[in-house]
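Read off the chains here:
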Amino acid sequence: MASFFSSKFSLLIVLFLHFTFSFNEVVAKSRNSNSTTTHNHLSPNPKLQQAYEALQAWKLVIYSDPNNFTSNWVGYSVCDYNGIYCAPSLDEPEVVVVAGIDLNHQDIAGVIPDELGLLIDLALLHLNSNRFCGILPESFANLSLLFELDLSNNRFVGKFPSVVLCLPSLKFLDLRYNEFEGPLPPELFSKSFDAIFVNNNRLTSVIPSNINSSSALVIVFANNNFGGCLPPSIAKLADSLEELLLINTNLSGCLPPEVGFLYKLKVLDVSYNKLVGHLRDTIAGLMHVEQLDVAHNMFSGNIPEAICALPSLTNFTYSYNFFCEEGFCQNLTSKNIVYDDRRNCLPEKPLQRSKEQCDAAYELPVECLDYHCGTVGGG
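All of these numbers come straight from a predicted model, not from anything done at the bench.

Some points on the pattern of salt bridges
- Taken as a whole and judged by the stated rule, the model has 8 salt bridges.
- Residue D121 is joined to K47 by a salt bridge in which the shortest nitrogen-to-oxygen separation is 3.1 Å. Pair noted here: D121 is in the loop between β4 (109-110) and β5 (124-126) and K47 is in helix α3 (residues 46-60), with a separation of 74 residues, a long-range link.
- One salt bridge connects R202 with E179, and the closest N-O pair in it is separated by 2.3 Å. With R202 in strand β12 (residues 202-203) and E179 in strand β10 (residues 179-182), this pair connects stretches of sequence that are 23 residues apart.
- In this structure R202 comes out as exposed when scored by relative accessible area, which is 51%.
- You can call E179 partly exposed: its relative accessible area is 31%.

Okay, structure coming up:
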């Protein structure tokens, strides 16, 4: 995910790489240093002793491991365990610590024990595509050096895990494809995350209006049930945001013209919502956008010609709306732009809506002010 990190975090990246870049070398070194330790005595390194306690506690609450990935989690040489990576401590380079855990795609079932909070030097925790369930323990707050947290594609439940907001070093947060429910805490956007993935959960309420406080390069909210409107305060992310995915989040109202201020955006996807009204001319301010998807909404009117003149645009999907005029966008093929204009009200174009559907839609003009967006929260 290095592409998500901006230059202003380069110092943090250097520190992070110092911690993790030479894992293979350090693992070999730690294996040699542990080779003289018998299984009858604890390691003299208290950090690795704590890691042993944490990992053994975790192994006890792993209920299924079809690949036998944790079968070698035996003995005190924790740096030899599958998925466990050791590195020199940042505070004491002569001391080896557990710096990373990667159990991605192992189909392991279990829970996260309180003892995981003993791994205070952990910088990465990757648990993508397993069957871990339950809630995150409050002891997670002890992981003050955690930089990347990927819990995606598991079975975690409960409210948004607010304990992750206590982690001062966290930059990459991936909670997608779980069963988290309820509202997003506004505090999420006051943290200096580079990437926020919370898509495909059961999150509700609205998108908090203080989203403008975020410094994230990537925000993915797709496939939740937020409802309400996209807050106009989104404009204040102009200097950072590069990808915004709001697919199937039950958004309503009009797309705020402030979206056009997000000049760094490369991907904007608001498809499968209940957005109405016209696409504003201000969207032509997305000078770096490559993929623009507004399909499966209730947009109407003309497509602003300036959109199809955007210099970086490679894919424009606006199918399943009620647009009645393409203008300059009729010539997208000649510009090597992939597009989809099906099921609109475009005259003389194939695969359009019926005249009856289009006439019914235009009998009731949309007034964006009727939606009362942009005042409190996102609704």
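A word on the pairing of strand β17 (residues 274-277)
- When strand β15 (residues 252-254) meets β17, the two strands line up parallel, connected through 3 bridges. If you follow S252 over to β17, its bridge partner there is K274.
- Pairing geometry for β17 and strand β19 (residues 298-302), over 2 bridges, is parallel. Looking at β19, one finds that G277 is bridged to F299.

What about the sheet that holds β12?
- Pairing is mixed across the open sheet formed by 6 strands, whose spatial order is β1-β4-β6-β8-β10-β12. Looking at the sheet topology across the chains shown, the edges are occupied by β1 (62-64) and β12.
- Bridging between strand β8 (residues 155-159) and β10 involves 3 bridges; their strand directions are parallel. Note that in β10 the partner of K159 across the bridge is E181.

Here's the deal with the side chain of S152
- Relative to the helices and strands, S152 is located in the loop between β7 (148-150) and β8.
- Beyond its immediate chain neighbours, meaning those up to four positions away, S152 contacts L127, N128, S129, D174, R176, Y177 and N178.

So, the nonpolar core
- Counting 90 residues, the largest nonpolar core has W58, V98, I101, L125, V164, F221 and F316 as the members making the most contacts within it.
- Elements with a minimum of two residues in this core: α3, β2 (84-88) and β3 (96-102).
- Residue contributions to this core peak at 6 residues, all from α3.
- Apart from residues no more than four positions distant in its own chain, W58 is found in contact with W73, I101, L103, V111, I112, P113, L116, L125, L127 and F132.
- Ranked by size, the runner-up nonpolar core spans 9 residues in total, among them F197, V218, A222 and L245.

Describing the state of the cysteines
- Inspection of the entire model under this criterion finds 4 disulfides.
- Here C254 is linked by a disulfide to C368, with a sulfur-sulfur distance of 1.9 Å. Given an S-S torsion of about -90°, the disulfide between C254 and C368 has left-handed geometry. Here the residue C254 occupies a position in strand β15, and C368 occupies one in the segment after α4 (355-362), the gap between them amounting to 114 residues.
- A relative accessible area of 23% places C368 in the partly exposed class.
- What pairs with C345 in a disulfide is C358, and their sulfur atoms sit 2.0 Å apart.

Procedures and definitions
- Residues numbered from 1 in each chain as written.
- Predicted model: local features only at pLDDT ≥ 70, side-chain atom pairs only at ≥ 80, totals over all residues.
- Heavy atoms only, no water.
- Salt bridge = Lys/Arg side-chain N within 4 Å of Asp/Glu carboxyl O.
- Helix = DSSP H or I, 4+ residues; strand = E, 2+ residues; numbered from the N terminus.
- Buried < 20%, exposed > 50% of the residue type's maximum accessible area, 1.4 Å probe, protein only.
- Pairing = 2+ DSSP bridges.
- Contact = heavy atoms within 4.5 Å.
- Core = buried A, V, L, I, M, F, W, Y, C linked by side-chain atoms within 4.5 Å.
- Disulfide = S-S within 2.5 Å.

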